[in-house]
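# Coordinates in review
The primary structure of each chain is shown beneath.
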Amino acid sequence: MGWEKKKVLVTVKAYPEQSTKYNSSVCTAGITDEGELIRLYPIPFEIFRGKQSFKKYDWIEVDCKNNSKHEKLKRKESYKIRSDSLRVVDRSLTKSPVDWESRSKFVLPQLETSLERLRDAYDEDKTSLGLIKPKELFEFYMSEELDENEKTLASYQMTLFGEKRTDLEVLPHVFRYQFSCHGEACKKHNITCEDWELFQSYRSWRTKYSTKEILWEKIKQKYFDEMITKKDLYFYMGMYSLQPSWLIIGLYYPPKNNKV
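Let me sum up the structure you'll find in this document. Along each chain, the written sequence defines residue order, and numbers are assigned to residues from 1. With the structure being a predicted model, the display of local features is reserved for residues of pLDDT at least 70 and the display and counting of side-chain atom pairs for 80 or more, all residues being used for whole-chain, interface and lining totals. To get the side-chain values, all heavy atoms of the structure are used, and hydrogens and water are removed first.

### A look at the overall build of the chain
Basically, it comes down to this: A run of H or I in DSSP counts as a helix once it spans at least four residues, and a run of E counts as a strand once it spans at least two, with each numbered from the N terminus. Throughout this description, buried means an accessible area under 20% of the type-specific maximum (1.4 Å probe, protein chains only), exposed means over 50%, and partly exposed covers the range between. Only heavy atoms matter for contacts: two residues are in contact if any of them lie within 4.5 Å across the pair. Using a 1.4 Å probe, the Shrake-Rupley method yields the accessible areas, and only the shown protein chains count as cover for residues.
Along the chain, the regular secondary structure elements total four helices and 14 strands. Across the 260 residues that make up the chain, the buried fraction comes to 48%. Taking as baseline every contact in the chain between residues at least 6 positions apart, the subset at least 24 positions apart corresponds to 67%. Surface accessibility of the chain: about 13,500 Å² in total, with carbon and sulfur atoms responsible for 44%.

Right, here's the structure in full:
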């Protein structure tokens, strides 16, 4: 299959990682204008800062081709992009205040019943992206303490659009949700969350709050307490590239009183 132009509503940006092949790696996923889930790569980190930057819920156009046959796990939604073709074409869903109803018209049709169903779908046809709604949130925590005295910086040599090299702090993926979903045989799930906003909150709030205890209190309040009391929370799920395990790659949380 050759290159094709696709229009994509960006719904997921996971926190950047180092990549031995692409120098930087940002898990970027979305929904095409035909209603299909898609994963786009390689998208270097610096594109989110430069003149070509785009936000979650921007509509973009990009030349891409399916790359699932070249992946270890053959994930069917994986598309490689032509790096110089990406452009933003519509920002109507990123305006403030957020039009949750319009967003949800694209997002909620992707809803699956459970993580168990997504696992079955991968076995059936290599489905590796999906949206689920937790039935109950039990816990939100860090699987290990982050050392505030040591910051690991990774140098990302950007080639897309000729950007200069940038140092980016690398954070271990330690944020986890424990929850149940709506599967008939569901047991508690304990899944790592890689949501971009969560990581950015942690990074920026460290300088805002005086102690680790206060910092964690604020993070837990936003990403756990308010998700239960004020938000109608959904998880964007994605399969890890090297083994068939699922991650929470993004959060979707319209207000509870939103009518969709």
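Following the structure, the description resumes.
### Some thoughts on the packing of aromatic side chains
Note the following rule: A pair of Phe, Tyr and Trp rings is counted when the ring centres sit within 6.5 Å of each other, with Trp represented by its six-membered ring. The angle between the planes then sorts it: under 30 degrees is stacked, over 60 is edge-to-face, the rest tilted.
Scanning the model with the defined rule gives 14 aromatic pairs in all. Aromatic side chains W100 and Y253 sit 6.2 Å apart centroid to centroid with 45° between the ring planes, which places their arrangement in the tilted category. In this pair, W100 is assigned in helix α1 (residues 100–107) and Y253 in the segment after β14 (246–252), connecting sequence segments 153 residues apart. Look at W100 and you get buried, because its relative accessible area is 15%. Between F175 and F199, the aromatic rings sit 5.4 Å apart at their centres with planes inclined by 80°, giving edge-to-face as the arrangement. Remark: F199 occurs in helix α3 (residues 196–205) and F175 occurs in strand β11 (residues 175–180); sequence separation between them is 24 residues.

### Quick look at the sheet that holds β14
Rules: Think of it this way: DSSP has to see at least two bridges between two strands before they count as a pair. Axis angles are defined between N-to-C directions and span 0 to 180 degrees, where every axis is a line fitted to C-alpha atoms and, for a helix, only to the segment in contact.
Spatially, β7-β13-β14 is the arrangement adopted by the three strands of the open sheet, whose pairing is antiparallel. Whereas interior strands pair on both sides, the edge strands pair on one side only; in this sheet they are β7 (129–132) and β14. With strand direction ignored, the average angle separating the axes of adjacent strands in the sheet is 30°. Pairing of β7 with strand β13 (residues 234–239) involves four bridges; the strand directions are antiparallel. In the strand pairing of β13, G130 is matched with M237.

### Some details on the packing of α3 against helix α4 (residues 212–229)
When two helices pack together, their arrangement is given by the angle between the helix axes and by the axis-to-axis distance. Defined as follows: Here the word oblique covers every angle except those under 35 degrees (roughly parallel), over 145 (roughly antiparallel) and from 65 to 115 (roughly perpendicular). For a crossing to be left-handed, the near helix must be turned anticlockwise from the far one by less than a right angle; the clockwise case is right-handed. For this classification, the nonpolar set comprises Ala, Val, Leu, Ile, Met, Phe, Trp, Tyr, Cys and Pro, the charged set comprises Asp, Glu, Lys and Arg, and every other residue, Gly included, is treated as polar.
Across the interface, α3 lies against α4 with an axial gap of 10 Å and an inter-helix angle of 155°. The pairing of α3 with α4 is recorded here as roughly antiparallel in orientation. Crossing geometry of α3 relative to α4 is assigned as right-handed. Contacts between α3 and α4 involve E197, L198, S201, Y202 and W205 from the former and L215, K218, I219, K222 and Y223 from the latter. A breakdown of the residues in the contact of α3 with α4 according to their chemical character gives six nonpolar, one polar and three charged.

### Describing the nonpolar core
Cut-off, in case you're wondering: Throughout this description, the term nonpolar core refers to a set of buried Ala, Val, Leu, Ile, Met, Phe, Trp, Tyr and Cys residues connected via side-chain atoms within 4.5 Å.
Judged by nonpolar contacts, the single largest core of 33 residues is most densely connected at Y177, F179, F235, M237, I248 and L251. For this core, the elements supplying multiple residues, two or more each, are α2 (115–125), β8 (136–142), β11, α3, α4, β13 and β14. Considering every element that reaches this core, the biggest residue donor is α4, with five residues. Within the second largest apolar cluster, 16 residues are counted, among which are W59, L93, L129 and I249.

### What to know about the sheet that holds β11
Taken in spatial order, the three strands of this open sheet run β8-β11-β12, and their pairing is antiparallel. For this open sheet the edge positions go to β8 and β12 (189–192), each flanked by a neighbour on one side alone. Along the sheet, successive strands turn relative to each other by an average axial angle of 20°, direction set aside. Note that β8 and β11 share six bridges and pair antiparallel. The residue of β11 that forms the bridge with Y141 is R176.

### With respect to the environment of E116
Relative to the helices and strands, E116 resides in helix α2. Taking the C-alpha atoms as reference points, E116 and H182, 66 residues apart in sequence, are found 9.0 Å from one another. Once you skip the residues sitting within four places of it in the chain, E116 turns out to touch C181, G183, A185, C186, K187 and H189.

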